Every structure is written in C-alpha cells, then in structure tokens.
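# Overview (structure and organization)
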Amino acid sequence: MISAFYNGKSILITGATGFLGKVMMEKLLRTSPDLKVIYILVRPKAGQTLQQRVFQILNSKLFEKVKEVCPKVHEKIRAISADLNQHDLAISKEDMQELLSHTNIIFHCAATVRFDDHLRHAVQLNVTATQQLLSIASQMPKLEAFIHISTAFANCNLKHIDEVIYPCAVEPKKIIDSMEWLDDAIIDEITPKLIGDRPNTYTYTKALGEMVLQQEGGNLNIAIIRPSIVGATWQEPFPGWIDSINGPTGLIVAAGKGFLRSIRATPMAVADLIPVDLVINLTLAVGWYTAVHRPKSTLIYHCTSGNLNPCHWGKMGFQVLATFEKIPFEKAFRRPNADFTTNNITTHYWNAVSHRVPAIIYDVYLRLTGRKPRMTKVMNRLLRTLSMLEYFINRSWEWSTYNTEMLMSELSPEDQRVFNFDVRQLNWLEYIENYVLGVKKYLLKEDMAGIPEARQHLKRLRNIHYLFNTALFLIAWRLLIARSQVARNVWFFIVSFCYKLLSYFRASSRLKV
Ligand SMILES: CCCCCCCCCCCCCCCCCCCCCCCCCCCC(=O)SCCNC(=O)CCNC(=O)[C@H](O)C(C)(C)COP(=O)(O)OP(=O)(O)OC[C@H]1O[C@@H](n2cnc3c(N)ncnc32)[C@H](O)[C@@H]1OP(=O)(O)O
Ligand SMILES: NC(=O)C1=CN([C@@H]2O[C@H](COP(=O)(O)OP(=O)(O)OC[C@H]3O[C@@H](n4cnc5c(N)ncnc54)[C@H](OP(=O)(O)O)[C@@H]3O)[C@@H](O)[C@H]2O)C=CC1
C-alpha cells in the first residue's frame, strides 16, 4: 500500500511552494497523515518570511480537505531556508544535519520553468542545483529514493521519445564550469549554438539535469518523471484547481478576457496536456516503487496523454471558447472569440488587426479620458508569450509509456484507485470545462455571483462591436462612393434592387388580402 509506505517517513520536497509542489504536499498529507515530517526547501520572498509563506499555502482552499484528516497539518511541515541558486543550497549547518540524518525520500521539483531564462540562471537552477542535491543525498544514510521531476519536452528536438536519457552534445560538467567564468555577453552568443534545435534554455537545461543524474547518481536509487504540459486538477482534491499562469492557463485567461483573438496553432496537433493530480499520483507511486523494488537502473516515467487518450488543440480551443459562453470572465476587454491561424502571413495580419490596432485604439481612449495608457504594453507581452509557446502548439510528439504502464500493473486495485494515473479515464470536454471554471475561481479569484454582470458586460461589448463595425463600414463605403464610379453604380443597383423587392412583397401581400 502506497499510503502506508509514506506513513512514518521523513520526506524532502524542493519546489514545494510551486504548482506541482503544493499538490504533492496536499496529497501526501491527505493520504498518509501519519507521515513523520515533510521538509520543504523554501526561500524568503516578496517581504514574507518562510513561516508566512508556508502559512499562506496551508491556509489556502487547496488544503481545506487535508485538515479534515490531518488537523495538525502545520506541525507536519518543516520549512528549511534554502536558495537553490547558492552554494550548498544555502542551507544552514544545523538544518543540513537534520536533513542528512532523517530524510527517507527526496522529491526534487524545484526548477526555473521560464522559457526565456538566461542560460547562466537556468543552468544554476536546473543543473547545478540538481548536482548539489545529489551530493547532499549521497550523504543521507536513510535515503530510500530520489525522485526527480523533469519534463517530457527535455528532448523535444526528437519526434519519438523513449523512456531513456538522451545525451546532449556538451557534457553538463563543462557547461557548469564554463558558466562560472564566461561573461553574460559571451553566454548570450553561445546560447543558440548550445541549445541547438531545442527551442529554449528551459528544455535544454532540463535535459542537462537528467544527464547529471545519470552521471553523478552513484548508488542512489533514482527515478525520473517526465510530465508533458501540466494543467489544473482533474479530480483531487477537487476538480479545476490551478494557481499558476504557466502553459495553457495564461492563454485561457487571455482568451477569456478577450485579449487573445488569434493564435498560431495547428488544430490537429496533439495537445499533450496532463492534469496535475495525475502527475502527483504517478510521482508518489514511483517514490514507493523505487524505494521498495529498488530497480537496477534509473527508470524514467513519461507522464503524458497523447498516446493513451489524445486530444487536439482544435478540440481543446473549441471547448475553451464554448465554456466562456456558460462561464464568462469578468471585465473582459473584448468578447472572447479567438481563432487559429496557420501561416506567417495570416498570423501577422491578425496580430495587427485583432491585437495591436484595438490596443492602440483603447490606449487613445484612455489617454483622452485622462488615464494612463497600458493596453499596448499588455498586448506586446501577450504576443511575446505567444511566440514562446508557438513551438509547442504546432507540433506533435510520441512518448512511449512502457514504464508508466508497467507501474500501473504493479499497483494493487486499491492503489490504482487512490493513486490513479490512468489518463484513459479522463473525459477531455468535462476536464476543460472544470479547468476554465477553476481558472476563474482559483486563479482570477472571481466570484460566481458575478456571472450575470459579466454576461451583461459581454452584451454591451457586442453592441459596441456592432456599432463600431457599422460605423466603419459606412465611412469606408462613403469614401469609396465619393471616389469610384463603379462603387456608385453598384450602390444604385443594390438600392434599386432592394426597392423593387420591397414593392413586390407589398403588392403580393395586398393581393392575398
Ligand atoms: C476549430 C475551432 C477553433 C477554435 C479556435 C479557438 C482558439 C482559441 C484558443 C482559446 C484558448 C486557448 C486555450 C488553448 C490554447 C493552448 C495553448 C497552450 C500552449 C501551451 C504550451 C505550453 C508548452 C509547455 C511545454 C513545456 C512544459 C514544461 O515543462 S514547463 C512549464 C511551462 N512553463 C511555462 O509555461 C513558462 C512560460 N512562461 C515564460 O517563460 C514567461 O512567463 C514568458 C517568457 C512567456 C513571459 O515572460 P514575461 O517576462 O513577459 O512575463 P512574466 O513576468 O513571466 O509574467 C507576466 C505576468 O504573469 C504573472 N505570472 C507569471 N508567472 C505566474 C505564475 N506562475 N502564477 C501567477 N502569475 C504569474 C506575472 O506576475 C506577471 O504579472 P504582472 O506582474 O501583473 O504583469
Ligand atoms: N508546470 C508544467 O507544465 C510542467 C512542470 N514540469 C516540471 O515540474 C517541476 C515543477 O514545476 P512547477 O511546479 O510548474 O513550477 P513552479 O514555477 O510553479 O515552481 C517552481 C518551484 O521551484 C522553486 N524555486 C525556484 N527557484 C528557486 C531557488 N532559487 N531556491 C529555492 N527554490 C526555488 C520555486 O520557489 P518560489 O516559490 O520561491 O519561487 C517553486 O517552489 C519543475 O521541475 C518543472 O520543470 C514539467 C513539465 C511541465
């Protein structure tokens, strides 16, 4: 039993304040309330102490269910001050001693997930910190398993990806060394050459991180999880929970608020989305399996949906838009109505017509009404984000899932239920609807009671849209008539045709009477 396995254990989680980390803590505490302690490595941030950060997380909606089974949830979490950017992760001697003597399982989730991070920073967090954590782990006498969260896109330069570690051209050790003495300008220059046919520093450094595990894992019992695009919760602790704007979520917000009107995407490309609770269930099952069965080599588990239950971006986008009809977001800029474009010319055209021009018009309006213009800035940011995500929504990948399926067959029926990671059971349309609802409730923190007002607002926007289009048409037509004899002839033809049609209907209705 997986739940029983974690009871009495001391578990170390990095990245516990992140999206995946919070869901992991919640599930662990809910299913194994008798676990000894969860150590979390946290850095003080935004004027908050460690304790304040942890307090805020544990008092959030996500942890409401946990408190029913584990009322002393605060006592189970031990926050340790750390910074993964620093040497030895900046953990104090006393804390380090405690970690070394007690830790049984490590879940390494911390990373920089920014696509555009400077290579030096991405290497520090995704490679060097992993190396340092490994070194710390190797000094833990009670350690049973080291579980590393990577990404299914670490090898997105390949089309078919197996559950193996693929080597990068330059050894991670050399990259780590060079980051210490190269200056930023040179790093900028060599970055495109190093990342090669990967799209960004994130995927490249996650691949390097895996190599470090392979080369420096020693005798540690290691497993790697590779999730694809992680989305809101599917079932647990309740459907639709999400608090991160990364990945598709940011675009759902942008589309729902009416900023995003067109997106360069391939409707038939596979949208390899995976719910976060499913990722965490697999991760905890892997922790158990790795510790108990001690596989001879490092096993890699793909946590993807494409080969077992594929959904395409076209279907997903359609469902997102359909959900906005039922559950509109508040204070939208325009009515949600986005479309896919498939080539450079249409993308540039729609970016200009649907994104830039409305932003400029709105900024002029803000200026005229004495307010600070801001929409052009928002749009520029959105267009930059779109350009970063485009790579992932115009391609499909195949990930083999032998290890993941093998693990499923190793679980007892009870564990298969409690730690369900069978994506075949997921109904996409229902999931997307809950996802959009979750974005509204938990990320945007909008009240459901505001839906009638949001609908009214959308109606007003529709009327403004019709009015604006009619005015634009009349102006354009007036200008055309003034300049072109052909346009005048067409206009007179249409008017006389309509007049004749009207006279005909009037005459025929009189005859009937
Ligand atoms: C046939 C019918 C057709 C119908 C057509 C319909 C089509 C319409 C579509 C409708 C809706 C669309 C829905 C589906 C579309 C799907 C698209 C999905 C794309 C998904 C691709 C994902 C690929 C992921 C692959 C890899 C997965 C991983 O392994 S890692 C995790 C993923 N990582 C990321 O996603 C990070 C990406 N982000 C970045 O790299 C950067 O943010 C950026 C470079 C994109 C932008 O950087 P910038 O500096 O400009 O901004 P930043 O400062 O980062 O943030 C801006 C504001 O956002 C706030 N923010 C940032 N992060 C968070 C957070 N985690 N939580 C909350 N808020 C956050 C930040 O504070 C900023 O806010 P302000 O300060 O207020 O400005
Ligand atoms: N989200 C996704 O779609 C996917 C994620 N993954 C992987 O899952 C893992 C978790 O991702 P996710 O939860 O989405 O990411 P988040 O960005 O939400 O969380 C990242 C975590 O890392 C911590 N962290 C970052 N820098 C430091 C630092 N210098 N010192 C200490 N802690 C630090 C953050 O702490 P803080 O709160 O202080 O910033 C946060 O807890 C990552 O390894 C990622 O590569 C893989 C595939 C998809």
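Analysis parameters
- Residues numbered from 1 in each chain as written.
- Chains lettered and ligands numbered in written order.
- Predicted model: local features only at pLDDT ≥ 70, side-chain atom pairs only at ≥ 80, totals over all residues.
- Heavy atoms only, no water.
- UniProt positions renumbered as here; feature names shortened; annotations may be inferred.
- Helix = DSSP H or I, 4+ residues; strand = E, 2+ residues; numbered from the N terminus.
- Axes fitted to C-alpha atoms, helices over the stretch in contact; angles between N-to-C directions.
- Parallel < 35°, antiparallel > 145°, perpendicular 65-115°, else oblique.
- Left-handed = near helix turned anticlockwise from the far one by under 90°.
- Contact = heavy atoms within 4.5 Å.
- Nonpolar A, V, L, I, M, F, W, Y, C, P; charged D, E, K, R; others polar.
- 1 Å grid on protein atoms, 1.4 Å probe; cavity = no way out; pocket = protein on both sides within 12 Å on 5 of 7 lines; lining within 4 Å.
- Points joined across faces, edges and corners; volume = space filled by probe spheres on them.

### Things to note about the UniProt feature "domain: Thioester reductase (TE)" (unreviewed entry) in the protein
In the UniProt entry, the feature "domain: Thioester reductase (TE)" (unreviewed entry) is given for residues 13-282. The span residues 13-282 is 42% helix and 14% strand, and its two end C-alpha atoms sit 16 Å from each other.

### Some remarks on the UniProt feature "transmembrane region" (unreviewed entry) in the protein
UniProt feature "transmembrane region" (unreviewed entry): in the numbering of this structure it lies at residues 464-484 and 490-507. The distance from the first to the last C-alpha atom of residues 464-484 is 30 Å, and the span holds 95% helix and 0% strand. Spanning residues 490-507, this segment combines 100% helix with 0% strand, and its end C-alpha atoms are found 26 Å apart.

### Remarks on the packing of helix 13 (residues 313-326) against helix 18 (residues 428-443)
The contact between helix 13 and helix 18 brings their axes to 9 Å, and the two run at 50°. What the angle tells us is that helix 13 and helix 18 run oblique. Crossing of helix 13 over helix 18 shows right-handed handedness. Between helix 13 and helix 18, the contacting residues are Lys315, Met316, Gln319, Val320, Thr323, Phe324 and Lys326 on the first element and Trp428, Leu429, Ile432, Glu433 and Val436 on the second. Across the contact of helix 13 with helix 18, the residue classes tally to seven nonpolar, two polar and three charged.

### Remarks on empty space enclosed by the protein
Evaluated as defined, the whole model comprises one cavity of 30 Å³ or more. Within this model, the largest cavity holds a volume of roughly 60 Å³. The wall of the largest cavity is formed by Ile274, Leu278, Leu282, His302, Cys303, Thr304, Leu308, Thr401, Thr404, Met408, Phe421 and Val423. Elements represented by at least two residues in the lining of the largest cavity include exactly helix 12 (276-293), strand 11 (299-303) and helix 16 (402-410). Looking at the lining of the largest cavity residue by residue, the class counts come to eight nonpolar, four polar and no charged.

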